[in-house]
Each structure stands twice: as C-alpha cells, then as structure tokens.
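Listed here are the chains, written in short residue letters.
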Amino acid sequence: QVQLVESGGGLVQAGGSLRLSCTSSIRTFTLRTFSDYVMGWFRQAPGKEREFVAISWSGGTHYADSVKGRFTLSRDNAEKMVHLQMNSLKPEDTAVYYCAAATGWSAAPGDYDYWGQGTQVTVSS
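Residues numbered from 1 in each chain as written. Predicted model: local features only at pLDDT ≥ 70, side-chain atom pairs only at ≥ 80, totals over all residues. Heavy atoms only, no water.

Novice: Residues and numbers for the environment of Tyr 114, please.
Specialist: Inspection of the secondary structure puts Tyr 114 in strand S10 (residues 114–115). Sequence separation of Tyr 114 and Gly 69 is 45 residues, and the distance between their C-alpha atoms is 27 Å. Other than its neighbours up to four places away in sequence, Tyr 114 contacts Gln 1, Val 2, Leu 4, Tyr 37, Cys 99, Ala 100 and Ala 101. (Helix = DSSP H or I, 4+ residues; strand = E, 2+ residues; numbered from the N terminus. Contact = heavy atoms within 4.5 Å.)

In structure tokens, the structure reads:
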C-alpha cells in the first residue's frame, strides 16, 4: 500500500506562488516501487467536483489546460516525492489540493488508488 502526505498549502495573494510537496511511503512487501506509480495532483473547490491538475509518469507530465504554463510538476523518485510549483496564482485556483497515486495513466480521479489528506490553497484577490 501507498501512504501520501501533502504539505505546502496556505494563503497567498493573486499573482503569487506556492510550492506543494507530496511525500510517499510504500510498504516493503509490495512489488512496486515509487517510480512504478503514476502520480497525480488534483484539486477540489467548495461545491465542485474533484478535478485533474497534473500528472507524472515514466513518459513525462501532463497538465490541465487551466494550469498549463503556470504550474510545474516535478518528481524525485529517489526521495519518493512529487512537487507542484504553482506560479501566477489566481483566485479560481483556490481549492484543497490532493496528491494521488495510480498504477496506470489516467486523469480521472476514480482511477487513482491512493490519496493524501489534502492541503488547502487559498488565493485572495
């Protein structure tokens, strides 16, 4: 099993930046290593469905159109961490951000097996 813990959320003014981090731990009896997992960032605003933000897999990264050019996902397989650098933040980026892990490529939240507890990002105008 995989345990995920997010950190780095907070309150920032529009145009500002935040860097989210996700630390993972994988039980030693599993056959997979961290590098085998597709790692995704999702977000959920009040009253809205959880939506895809960015994912990382062995073939590269993929971003939602709404964050492309502003957010950057990076991955450190040795440290079993992923980061989400968020620049030029907008009030509409306000949401709880979740880190998630899946065994196959997908941008659908339902396809992810493991989730962190989430970290709040609030962007003031």
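Novice: Tell me about the nonpolar core, and name the residues and values.
Specialist: Counting 36 residues, the largest nonpolar core has Met 39, Trp 41, Val 53, Phe 71, Leu 84, Met 86 and Tyr 97 as the members making the most contacts within it. Listing elements by their share of this core, those giving two or more residues are strand S1 (2–7), strand S3 (18–26), strand S4 (38–44), strand S5 (51–57), strand S7 (71–76), strand S8 (81–86), strand S9 (95–102) and strand S11 (119–124). Filtering out sequence-adjacent residues up to four positions away, Val 53 remains in contact with Trp 41, Phe 42, Arg 43, His 62, Tyr 63, Ala 64, Val 67, Phe 71, Leu 84 and Tyr 97. (Core = buried A, V, L, I, M, F, W, Y, C linked by side-chain atoms within 4.5 Å. Buried < 20%, exposed > 50% of the residue type's maximum accessible area, 1.4 Å probe, protein only.)

Novice: Got a sec to walk through the packing of aromatic side chains? Specific residues and values, please.
Specialist: One pass over the structure, following the stated rule, counts seven aromatic pairs. The interplanar angle of 75 degrees and the centroid separation of 6.3 Å between the aromatic rings of Tyr 37 and Tyr 114 together place this pair among those described as edge-to-face. Taken together, the positions of Tyr 37 in the loop between S3 and S4 and Tyr 114 in strand S10 put the pair 77 residues apart, joining distant regions of the chain. A residue is classified by how much of its surface remains accessible, and Tyr 37, at 5% relative accessible area, is buried. Between the aromatic rings of Phe 42 and Phe 52, the centroid separation amounts to 6.2 Å while the plane-to-plane angle is 70 degrees, which identifies the pairing as edge-to-face. With a gap of 10 residues between them, Phe 42 in strand S4 and Phe 52 in strand S5 connect regions that are remote in the sequence. What makes Phe 42 buried here is its relative accessible area of 0%. An aromatic cluster is present here, built from Phe 42, Phe 52, Tyr 98, Tyr 112 and Trp 115 joined pairwise through their rings. Its end group placed over the ring of Tyr 98, Arg 50 keeps NZ or CZ at 3.8 Å from the ring centre. Seen from the ring of Trp 115, Arg 50 lies directly overhead, with NZ or CZ sitting 4.6 Å from the centre. (Phe/Tyr/Trp six-rings, centres within 6.5 Å; stacked < 30°, edge-to-face > 60°. Lys NZ or Arg CZ within 6 Å of the ring centre and 35° of its normal.)

Novice: Before we move on, could you go through the pattern of salt bridges and cite the residues and values that matter?
Specialist: Tallying each qualifying case throughout the model produces four salt bridges. Linking Arg 43 and Glu 51 is a salt bridge whose minimum nitrogen-to-oxygen distance equals 2.6 Å. Residue classification places Arg 43 among the buried positions, given a relative accessible area of 6%. Taking relative accessible area as the criterion, Glu 51 reaches 36% and is therefore assigned partly exposed. The shortest N-O distance in the salt bridge between Asp 65 and Lys 68 comes to 3.1 Å. Residue Lys 68 is classed as partly exposed on the basis of its relative accessible area, which comes to 48%. Each member of the salt-bridge network shares a partner with another, and the members are Arg 43, Glu 51, Arg 70 and Asp 93. (Salt bridge = Lys/Arg side-chain N within 4 Å of Asp/Glu carboxyl O.)

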